[in-house]
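Architecture and fold: a report
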Amino acid sequence: MLFHLEGLKFDGGLSGTTPFTVSEMRGWDVGGAEMHRQRDARPGTHGAFPARGYLTDRAVEWSGLVLTDSVEEQQHALRQLSGLLAQGGTGQLAGAGVWAEVERDEIPPPQIEVPGKIARYTVKLSAPDARLYGTTREFAAGEEAIQYGNFPARPRIIVSGVAAAGYTITGPGGRRVVVTRALSAAQPHTIDFVKGGLWINGERIMRAITIYQPWEVGPGVPGAVTTVTGSLTLRVQVTDTYV
């Protein structure tokens, strides 16, 4: 497996394309996220009331070797490693066909086993959103949008055309999104169920939706069919979603 994070490659196959090998990885496989619940005890009897569970963040940790040919190469590689996500933000970790936004928890000081040749390292990250994301597919209005993950996915809906008085999008089960913002040919609208709301040119537009009933696309079939009023063009983007 080959992983990418902030321009660095971490290779579990010893391909020789990067100095960073991966010998052990935890938290990236299926089932790497736990659940949390807020339970209330049943007064005067046994047990507790049932409570909705939610996924916690995902802890991702791996270790391996840094293989180099000189002291200078070794020091350069170790400095690259220590700089990963050092500004405190998030980055996209991608590997094994999926990706997630991760934060840095800890990168302990590497252990130099052979100066200039071999060092041992560990990286500890966490993904605030425990879901792993794969391929994004696009579907037209009236088509059955499907995804091949194992967890419900939140779609993005892109509407283009001209609608001076706005429009209505209808999804599965009669769920609706009613947009009152005028739509122009030069500025398509994105109704984003991932980030929430209406977006134009990367900017969220407030007070532009009067009815907002988002939905998800479950794994496999049946999928979800989405339509739009008028003669507008609609595209639905759905990303395979895993836990």
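See the structure above.
About the cut-offs
- Residues numbered from 1 in each chain as written.
- Predicted model: local features only at pLDDT ≥ 70, side-chain atom pairs only at ≥ 80, totals over all residues.
- Heavy atoms only, no water.
- Helix = DSSP H or I, 4+ residues; strand = E, 2+ residues; numbered from the N terminus.
- Buried < 20%, exposed > 50% of the residue type's maximum accessible area, 1.4 Å probe, protein only.
- Expected span 1.5 Å × (residues − 1).
- Contact = heavy atoms within 4.5 Å.
- Core = buried A, V, L, I, M, F, W, Y, C linked by side-chain atoms within 4.5 Å.

With that out of the way, let us pick up unusual backbone geometry. Cis geometry is found at the peptide bond from V221 to P222, where omega equals 0°. Unusually for a residue other than glycine, E6 sits at a positive phi of about 50°. On the secondary structure map, E6 appears in the loop between β1 (2-5) and β2 (8-11). Among the residues examined, E6 registers a relative accessible area of 47% and is labelled partly exposed. For A96, which is not glycine, the phi dihedral falls at a positive 60°. Looking at the element boundaries, A96 is found in the loop between β8 (90-95) and β9 (98-106).

In this section: helix α1 (residues 71-82). Over its 12 residues, α1 runs 16 Å from end to end, which matches the ideal 16 Å to within 8%, given 1.5 Å per residue. Looking at the buried side of α1, the elements it contacts are β2, β3 (20-21), β7 (58-67), β10 (111-114) and β11 (118-127).

Turning to the nonpolar core, a few remarks are in order. Counting residues in each nonpolar core, the largest one holds 27 residues, and the members touching the most others are L5, F10, W28, W62, L93, Y121 and L125. Counting only elements with at least two residues in this core, the list comes to β1, β2, β7, α1, β9 and β11. Ranked by residues supplied to this core, first place goes to β11 with 5 residues. Residues contacting W62, with those up to four places away along its chain left out, are L5, F10, V22, E24, M25, L93, Y121, T122, V123 and L125. Counting 26 residues, the second-largest nonpolar core is a separate cluster that includes A163, Y167, L183 and V236.

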